[in-house]
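# Analysis of the macromolecular model
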Amino acid sequence: MPGIGAPPSSERASSSMYKLEIDLKRGNNLAVRDRGGSSDPYVKFKLSGKEVFRSKTIHKNLNPVWDEKTTIILDCLSDPLYVKVFDYDFGLQDDFMGSAYLYMESLEQQRCIPVTLVLKDPQYPDQDLGSLDLSVTLTPKDSPVEERRDSTSTTMLLRRSWKRSNKQQSLRLSELHRKSQLWRGIVSIALIEGRSLIPMDPNGLSDPYVKFRLGHQKYRSKTVPKTLSPQWREQFDLHLFEETGGLLEITVWDRDTGRRDDFIGRCQLDLSTLSKEHTHHLDLPLEESRGFVVLLVTLTASSHVSIADLSVTPLDDPQERREILKRYGALKSFSNFRDVGIVQVKVMRAEGLMAADVTGKSDPFCVLELNNDRLQTHTVYKNLNPEWNKVFTFNVKDIHSVMEVTVFDEDRDRSADFLGKISIPLLSICNGEQKSYVLKNKELTAPTKGVIHLEIDVIYNTVKAAIKTIVPAEQKYIEEEPKVSKQLLQQNFNRVKRCIMVLISYGTYINSCFEWESAQRSIISFVMFVLVVWNFELYMLPLALLLLLVWNYLFSRDTPDTEIAFGPAACKIKTMEAMFDWEDVEEDKEDKESEHKGFMNKLYAIQDVFFSVQNALDEVASNGERIKNTVNWTVPFLSWLAIAALLSAVVLLYLVPLRYLVLIWGVNKFTKKLRDPYMIDNNELLDFLSRVPSDVQVMHYRELRVDPGQSPSKRRRPIQS
């Protein structure tokens with residue numbers, strides 16, 4: 001691969017510390033990777049297999065100008081700097097645009113040297129991929145600690161022997177790794193609307209959506225079709241990793257089926273100019289076209305986010321635990337509704353992991369995700385039974401969130417290999433209990449090799465948790481792209497079919513009463529019908545649903561079916577192994593560029609229809625299953641909340657005339673927009689149902705046990721615990 005200089009064969013590397021200052025200037029004639037004949041390039045620097053710098057992305061430019069500087073501290077010159085260029089693709093895997101090596105042993109020290117790196121692809125060495133212009137300065141450094149503490153420079157301490165370093169050095173790097181993950185604040189963004197956008201489609205309209213980027217964090221809004229004044233009304237949070245704020249990049253796009261989306265305009269927001277703990281109403285003009293984007297932005301300090309060793313566990317300190325319990329006690333129920341609680345996760349160790357490397361070992365690390373909050377352990381090299389012994393603390397914004405714990409194998413020059421995963425609903429956690437969880441595959445449908453040992457504690461305020469249940473749930477920044485799946489379509493169809501069959505069975509039962517198939521049943525039904533109709537009042541509707549929930553709580557919960565525990569009480573449902581036939585499905589490969597454009601457009605159109613049908617079936621089936629699981633007490637917290645809501649409805653309908661209730665509802669609906677023009681509207685019933693797990697999600701959350709008589713690699717179905 002091309003590079004500057006070549007590593008000498010006999011020269012010994014010096015043991016002194018060095019400072020490498022790099023000025024990334026520009027790229028020349030870079031490779032085309034997008035359908036529009038351009039690229040969105042950015043540059044990565046890697047040293048000893050670790051990423052030490054990533055540039056900003058320059059959109060739609062084959063001759064980008066970065067003018068970015070970085071400083072790297074290193075203790076040897078034998079390892080070359082690996083420079084890689086990528087084309088940024090939102091939500092997809094970025095395209096490789098070329099790479100080169102910078103050999104530092106060949107650089108003259110204490111002098112600024114202009115460097116041109118010729119980019120090449122190792123698989124296609126004859127291909128012309130352009131070049132990068134840099135200037136580098138290499139100087140000896142006598143005080144690495146002072147340089148590392150300099151907050152005004154982008155400095156990273158790197159050691160050649162990252163994997164097999166001494167204890168003191170490992171602790172230093174572990175501390176840097178820990179600090180780099182912790183965010184200092186939260187940016188709450190409400191995307192309200194767009195105004196006067198330019199038309200990009202032949203019909204004189206656009207299908208606009210917005211992309212946000214803050215550092216490595218990304219968010220994409222929904223698409224509003226056929227409008228130049230879209231109303232998005234979305235709210236989401238991003239993390240602030242810098243005390244000074246950061247630069248929020250906002251781009252507006254027009255969605256096009258079958259070809260690259262059209263760029264409408266961009267704008268930037270310097271968060272350091274905004275005061276904290278205050279909501280700012282911003283009308284941001286698009287820089288490269290006409291139009292505005294309207295935002296509400298609030299900067300708040302983060303709380304209860306930490307990484308520590310087992311020796312300094314926050315909740316194990318009695319005084320700190322009392323303070324946290326007081327913070328989420330009943331007296332604090334109506335203050336700061338965004339702070340619902342905290343969750344503490346002790347990640348002790350894993351056993352029997354899958355061997356991902358050719359040496360028969362793995363380099364495992366563990367990633368914990370709670371909605372969009374993400375923390376990870378250090379890597380334990382060449383070990384199938386790693387011990388991490390770390391404690392992670394997250395702030396809980398929604399008690400119905402799910403903690404996802406994933407184990408990966410670290411690789412030097414490519415993405416990490418998946419080793420296993422589990423999903424744990426916060427409401428299913430028993431505080432202070434150390435448990436062993438069998439790792440599952442990516443789809444969370446069958447066990448894979450390995451067990452992970454965790455201990456989790458959750459402390460939350462019940463009133464805040466109940467209020468958050470009827471507001472929109474937090475969405476993932478980037479959802480996985482939908483895939484064409486015949487199996488998934490069939491599965492969703494079967495789920496809808498089961499819901500319809502339940503309704504048909506109820507209809508058949510009612511019809512049997514009319515047909516006098518059982519005289520006793522028909523007589524009882526007739527007497528009940530006369531009594532209910534003669535004495536019917538509107539409050540009896542929620543009362544009937546309330547009695548159904550109570551009946552299931554008292555009687556149906558004792559039936560000898562498969563047990564699924566969500567919280568202190570357990571609910572029983574029918575075995576789901578017969579409901580779902582999980583199969584291993586290979587991911588669809590990307591379409592080849594050589595296929596004809598007309599055919600590709602038709603294919604994209606067919607896929608859009610396919611996705612719409614697939615998602616519609618999933619939504620219908622999920623809502624039906626969630627109603628059933630509410631009645632079946634799958635999540636006792638939500639069933640108790642439903643009882644409280646129905647009991648309130650019974651009392652209101654019994655005491656207050658219906659016309660007054662309808663009048664209050666109508667006045668609220670008509671005046672809501674006048675009282676708060678930027679309010680994000682929601683449907684409380686659908687928000688409640690979104691917190692109830694569907695049957696598919698219940699399968700994902702179920703704990704598994706290992707069948708000792710079967711090899712993990714041959715297991716096809718989960719074994720119920």
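Preceding this paragraph is the structure being described.
Now for a look at the structure at hand. (Residues numbered from 1 in each chain as written. Predicted model: local features only at pLDDT ≥ 70, side-chain atom pairs only at ≥ 80, totals over all residues. Heavy atoms only, no water.)

### Quick notes on the overall build of the chain
Along its length, the chain carries 12 helices and 29 strands. Classification of the 721 residues of the chain by burial places 45% in the buried group. Relative to all contacts within the chain whose residues are 6 or more apart in sequence, the contacts with residues 24 or more apart total 68%. (Helix = DSSP H or I, 4+ residues; strand = E, 2+ residues; numbered from the N terminus. Buried < 20%, exposed > 50% of the residue type's maximum accessible area, 1.4 Å probe, protein only. Contact = heavy atoms within 4.5 Å.)

### Quick look at the packing of aromatic side chains
Within the structure shown, the criterion is met by 17 aromatic pairs. Ring plane angle 15° and centroid distance 4.7 Å describe the contact between Y82 and Y101, whose orientation is recorded as stacked. Placement of the pair is Y82 in strand β6 (residues 81-87) and Y101 in strand β7 (residues 95-102), with a sequence separation of 19 residues. For the pair Y460 and F637, a centre-to-centre distance of 6.5 Å together with 75° between the ring planes defines the contact as edge-to-face. With a gap of 177 residues between them, Y460 in strand β27 (residues 447-460) and F637 in helix α9 (residues 636-655) connect regions that are remote in the sequence. (Phe/Tyr/Trp six-rings, centres within 6.5 Å; stacked < 30°, edge-to-face > 60°.)

### Re helix α5 (residues 486-515)
When the terminal C-alpha atoms of α5 are compared, their 42 Å separation across 30 residues agrees well with the 44 Å that a helix rising 1.5 Å per residue should span. When α5 is considered as a whole, its buried residues turn out to be Q491, N492, R495, V496, S512 and C513. In the stretch just after α5, W516 is the one whose phi turns positive, near 55°. (Expected span 1.5 Å × (residues − 1).)

### Description of the pairing of strand β18 (residues 292-301)
Most of β18 sits inside the fold, with 7 of its 10 residues counted as buried. The pairing of strand β11 (residues 185-195) with β18 spans 10 bridges and is antiparallel. Bridge pairing in β18 links A190 to L296. Sheet topology places strand β17 (residues 279-285) next to β18; 7 bridges connect them, and they run antiparallel. Residue pairing for β18: P285 is matched across the bridge by F292. (Pairing = 2+ DSSP bridges.)

### Brief notes about the sheet that holds strand β12 (residues 208-214)
Hydrogen bonds along the backbone pair up the strands of a sheet, which may run parallel or antiparallel. The 4 strands lie next to each other as β13-β12-β15-β16, forming an open sheet whose pairing is antiparallel. The open sheet has two free edges, formed respectively by β13 (217-220) and β16 (262-270), since each of these has just one partner strand. Strand-to-strand twist across the sheet, computed as the mean angle between neighbouring axes with direction ignored, equals 15°. Summarising the sheet, β12 and β13 pair through 4 bridges and their orientation is antiparallel. Of the residues in β13, the one forming a bridge with K211 is R220. (Axes fitted to C-alpha atoms, helices over the stretch in contact; angles between N-to-C directions.)

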